[in-house]
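Examination of the molecular architecture
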Amino acid sequence: MRSLILSDLHANWEALEAVVKRAAGRFDRVLCLGDLVGYGADPNRVTAWVRANAAAVVRGNHDRACSGMDDLSWFNPIARAAAEWTQGALNPENLAYLRALPRGPADAGGLTLAHGSPVDEDEYVATVEEASLLEGHLPAPRCFFGHTHLQGAFEYRRGRVVRPHFALRQPARLARDSWYLVNPGSAGQPRDGDWRAAYAIYDDAEDLLTYERTEYDVARAQRKIVEAGLPEILAFRLETGE
Ligand code: ZN
């Protein structure tokens, strides 16, 4: 089974549309690691697409915040403004869907899906040190996570944690004896210095992982954010990928 793995879509329809087009014909199912909404101007379109197309989804912190499940006081002012705008924009079906999303970790046919880490849905795993703390706590040898908006992986190999390098668009065979924590990156708001929408394709039969990026109509996504009255920094940051 080939899975298209998406995370941190953040209501960016133009990015999602470009990813799906680019990956067309190369996946059998869609797995989503949360943060469907928040920041971007198309929460209904993106949520409806995930509702219709994803085989499994876990919730992200923005999905909770934007559907009224969280106290927004711990959010920074920009994220809070976006969450409040999104709450007002979501239609009742999408709001109900976001509220009902399961907390990770979730199992998807032997793969683990998480938003933050497999231990805590709100935990950021960005460094080898942070990943090392999860040794012995991964539910399965192939775990996928998001939340940091950084495309990259951690490999647990013989008691050591390393960061394997996977070249873009080149299927890489994972080491049979290693465990992996894989972040496909953010489709809707990359923060690793590359503005292109990030995603991954994983073929579990072959144990092949492919990291990809695709260009999308960033100017259109930006225009919609500004026209919606969302904080302009949310439009600006899409083109820097930071
Ligand atoms: Zn996010």
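Everything in this summary refers to the structure shown in the same document. This one's a predicted model, so the numbers in the text were calculated from it and none came from an experiment. Every chain begins its residue count from 1, and numbering advances along the sequence as written. At least 70 in pLDDT is required for a residue's local features to be given in this predicted model, at least 80 for side-chain atom pairs to be given and counted, and no such filter applies to totals for whole chains, interfaces and linings, which use all residues. In computing side-chain properties, one takes all heavy atoms of the structure into account and sets aside hydrogens as well as water.

The next thing to look at is the pairing of strand S1 (residues 2–6). Consecutive side chains along a regular strand alternate between the two faces of the sheet. Buried, partly exposed and exposed residues are distinguished by accessible area as a fraction of the type maximum, computed with a 1.4 Å probe on protein chains only: under 20%, between the cut-offs, and over 50%, respectively. Here a strand is any run of E in DSSP of at least two residues, a helix any run of H or I of at least four, and the numbering for each starts at the N terminus. For S1, the buried fraction is high: 4 of the 5 residues fall into the buried class. DSSP bridges decide pairing: two strands pair if at least two such bridges lie between them. Sheet topology places S1 next to strand S11 (residues 197–203); 4 bridges connect them, and they run antiparallel. Across the sheet, the residue bridging to Ile 5 is Ala 200, located in S11. Of the pairings in the sheet, the one linking S1 to strand S2 (residues 29–32) comprises 4 bridges and is parallel in character. For Ile 5, the partnering residue across the bridge sits in S2 and is Leu 31. With strands facing away from the observer, any crossover in which the path from the first strand over the helix to the second runs clockwise is taken as right-handed. Handedness of the crossover is the feature at issue here: the chain leaves S1, passes through helix H1 (residues 13–23), returns alongside S2, and the resulting connection is right-handed.

Before going further, it helps to examine the side chain of Ser 178. Topologically, Ser 178 is positioned in the loop between strand S9 (172–173) and strand S10 (179–183). N or O atoms within 3.5 Å of each other form a polar contact, as long as, within protein, one can give a hydrogen and the other can take it, and as long as residues adjacent in sequence are counted only when both atoms are side-chain atoms. Polar side-chain contacts of Ser 178 include one of 2.7 Å to the side chain of Glu 155. What Ser 178 contacts, discounting residues up to four positions off in sequence, is Pro 141, Arg 142, Glu 155, Tyr 156 and Arg 157. Residue contacts follow a heavy-atom distance rule, with two residues in contact if any of their heavy atoms lie within 4.5 Å.

Counted as donors are N, O and S atoms no farther than 2.8 Å from the metal, or 3.2 Å for Na, K and Ca; water is not among the atoms, and sites may therefore look incomplete. Taken together, the protein ligands of the zinc ion are Asp 8 (OD), His 10 (NE2), Asp 35 (OD) and His 149 (NE2), with distances of 2.1 to 2.3 Å. Here the metal geometry follows the donor angles, with tetrahedral for four donors whose angles all fall between 85 and 135 degrees, square planar for four and octahedral for six when opposite donors are more than 155 degrees apart and every other angle is between 65 and 115, and irregular for all the rest. Because the angles between the 4 donor atoms bound to the zinc ion fall within 86 to 177°, the donor set is best described as irregular. Donor residues for the zinc ion, ordered by position in the chain, follow D-x1-H-x24-D-x113-H. Of this pair, Asp 8 sits in the loop between S1 and H1 while His 149 sits in the loop between strand S6 (142–144) and strand S7 (152–157); the two residues are 141 residues apart in sequence, bridging distant segments of the chain.

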